[in-house]
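Below, each chain spelled out in residue letters.
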Amino acid sequence: TRSLTITSADQSMFEKAQGEKVTLPCTFELSEEDEGPLDIEWVLIPADNQKRELIIIMYSVDRVYDQYYAATTRRMQFSNLDPKSGDGSLDILNLKAADTGTYQCKVKKAPGVQSQKIQLTVLVKPARTKCSIEGSQEIGKDVTLKCVSQEGSPLLSYDWRRVSGTQNLPATSVLNKNTGELLLKNASREYSGRYNCVASNRVGTDECSVELNVTPPVNTAAIIVGAIIGTLLGLSVLCSIIFCFCKKHREKKYEKEVHHDIREDVPPPKSRSSTARSYIGSNRSSLGSMSPSNMEAYTKTPYSQVPSEDFERTPAQNPAFAPSKVAAPNLSRMGAVPVMIPAQSKDGSIV
């Protein structure tokens with residue numbers, strides 16, 4: 001007895017790039033003996049056998065159910081609007097890396113039941129490929145050109161080519177296609193130019209480029225001397241600033257201390273000239289009444305000496321100064337001759 005059979009081509013593996021569209025075939029033929037309702041079901045079989053199968057989409061009793069798997073909503077649909085015609089193929093739009101897995105198509109129409117498994121692999125094209133240079137770009141040094149793709153499904157392959165000049169890689173170059181590194185040994189000026197890297201896998205390619213400029217070695221001694229001189233100049237300028245600041249600070253501090261020492265309630269000192277004049281005037285006024293007994297004391301005091309302010313203070317104010325008692329000398333014994341000093345009386349006559 002003839003029953004339901006799946007007639008799709010025996011293609012069990014598909015490889016597609018991310019973002020593309022794929023159609024997983026599932027065509028079938030019904031027999032006269034199949035009298036039950038037609039059911040078409042697509043499920044995703046997880047890689048872990050411990051997990052249950054996920055229903056993606058189903059056709060049953062002339063109705064489509066596609067709300068089982070939220071991640072595939074509006075991205076997975078039947079290729080034929082009328083699956084009961086014998087075509088239950090599945091279209092997957094805008095493929096993602098997460099869509100990779102094993103898909104199974106089940107067709108049931110009692111008593112016939114058939115199924116078919118298809119392996120889908122979603123590959124990511126190389127993208128965001130970046131080129132860089134590692135090492136000193138000096139003559140005689142080893143230089144490494146690096147090429148890395150930020151995105152892309154393995155296995156990625158890298159290939160370098162020279163864009164400018166002879167377009168051939170230098171004879172001393174060593175290429176690693178798996179890591180994308182191009183080693184240029186003992187670089188020379190002839191190695192200078194633009195280099196291009198192509199990253200590729202089974203679904204696409206991506207490129208980047210870099211400019212290599214091999215130059216003579218840098219005079220490091222001159223750089224070091226210049227750095228030292230610059231540092232010393234900077235230190236000298238800094239020291240000058242600090243010295244000026246400290247000097248100004250000391251001057252301000254001195255002015256402040258002198259200002260606090262001056263008291264407003266203390267009268268200014270008398271001038272030396274006024275003190276001398278008062279002293280001489282007092283001595284002159286006393287000459288008229290001078291007697292021979294105190295003549296000797298006055299002769300011992302020279303007029304050329306200008307007394308200080310302490311001379312005018314009272315004994316209470318200046319304890320160190322105490323007038324001495326001078327005994328009246330005997331002028332007759334000394335052989336001195338009395339001197340008559342004229343004096344003026346109250347009525348103006350001279351006595």
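Scroll up to find the structure this text is about.
Predicted model only: the values in this text are computed from it and were never measured. Within each chain, residues carry numbers counting from 1 in the order of the written sequence. For a predicted model such as this one, the threshold for reporting local features is a pLDDT of at least 70, and the threshold for listing and counting side-chain atom pairs is 80 or more; totals across whole chains, interfaces and linings nevertheless cover every residue. Hydrogens are left out, water is left out, and the side-chain values use all remaining heavy atoms of the structure.

A separate point is the sheet that holds strand β5 (residues 38-45). Here, strands pair whenever DSSP counts at least two bridges between them. Put simply, DSSP H or I for four residues or longer makes a helix, DSSP E for two residues or longer makes a strand, and each gets a number counted from the N terminus. The six strands are arranged β2-β11-β10-β5-β6-β7 in an open sheet whose pairing can be described as mixed. Of all strands in the sheet, those with a lone pairing partner are β2 (13-17) and β7 (63-65), marking the two edges. Looking at each pair of strands side by side, their axes are set apart by 20° on average, direction ignored. Two strands pair when backbone bridges link them, and strand β6 (residues 54-60) and β7 are joined in this way by three bridges, in the antiparallel orientation. When the bridges of β7 are listed, Y59 appears paired with V64. Only C-alpha atoms enter the line fits that serve as axes; for helices the fit covers just the stretch in contact. Angles between N-to-C directions range over 0 to 180 degrees.

Most of β5 sits inside the fold, with eight of its eight residues counted as buried. By the alternation rule, side chains of β5 split into L38, I40, W42 and L44 and D39, E41, V43 and I45, which are all buried. Here β5 runs beside strand β10 (residues 101-109); their pairing, made up of eight bridges, is antiparallel. Looking at β10, one finds that E41 is bridged to K106. Here six bridges tie β5 to β6, and the two strands are oriented antiparallel to one another. Counterpart to D39 in the pairing with β6 is S60. Think of it in three bands: with a 1.4 Å probe and only protein chains considered, a residue is buried below 20% of the maximum accessible area for its type, exposed above 50%, and partly exposed in between.

Relative to the elements of secondary structure, P154 occurs in the loop between β13 (143-151) and β14 (157-162). In sequence terms P154 and V124 are 30 residues apart; their C-alpha atoms lie 8.5 Å from each other.

What follows is about the pattern of salt bridges. Salt bridge criterion: a side-chain nitrogen from Lys or Arg within 4 Å of a carboxyl oxygen from Asp or Glu. Counting across every chain of the model gives 10 salt bridges. In this structure, the salt-bridge partner of D62 is K84, at a minimum N-O distance of 3.8 Å. Here the residue D62 occupies a position in the loop between β6 and β7, and K84 occupies one in the loop between β8 (76-78) and β9 (90-92), the gap between them amounting to 22 residues. On the accessibility criterion, D62 (56% relative accessible area) is exposed.

This part takes up the state of the cysteines. Pairs of cysteine sulfur atoms within 2.5 Å are identified as disulfides in what follows. Tallying each qualifying case throughout the model produces three disulfides. There is a disulfide in this structure between C131 and C208, and the S-S distance comes to 1.8 Å. One disulfide, between C131 and C208, carries an S-S torsion of 75° and so falls in the right-handed class. Placement of the pair is C131 in strand β12 (residues 127-134) and C208 in strand β18 (residues 204-212), with a sequence separation of 77 residues. For the pair C131 and C208, a shared accessibility class is recorded, and that class is buried. Each disulfide pairs two cysteine sulfurs, and for C147 the partner residue is C197, the sulfurs being separated by 2.1 Å. Disulfide C147-C197: torsion about the S-S bond near -90°, hence left-handed. Here the residue C147 occupies a position in strand β13, and C197 occupies one in strand β17 (residues 193-201), the gap between them amounting to 50 residues. Take C197: its relative accessible area is 0%, and that puts it in the buried class.

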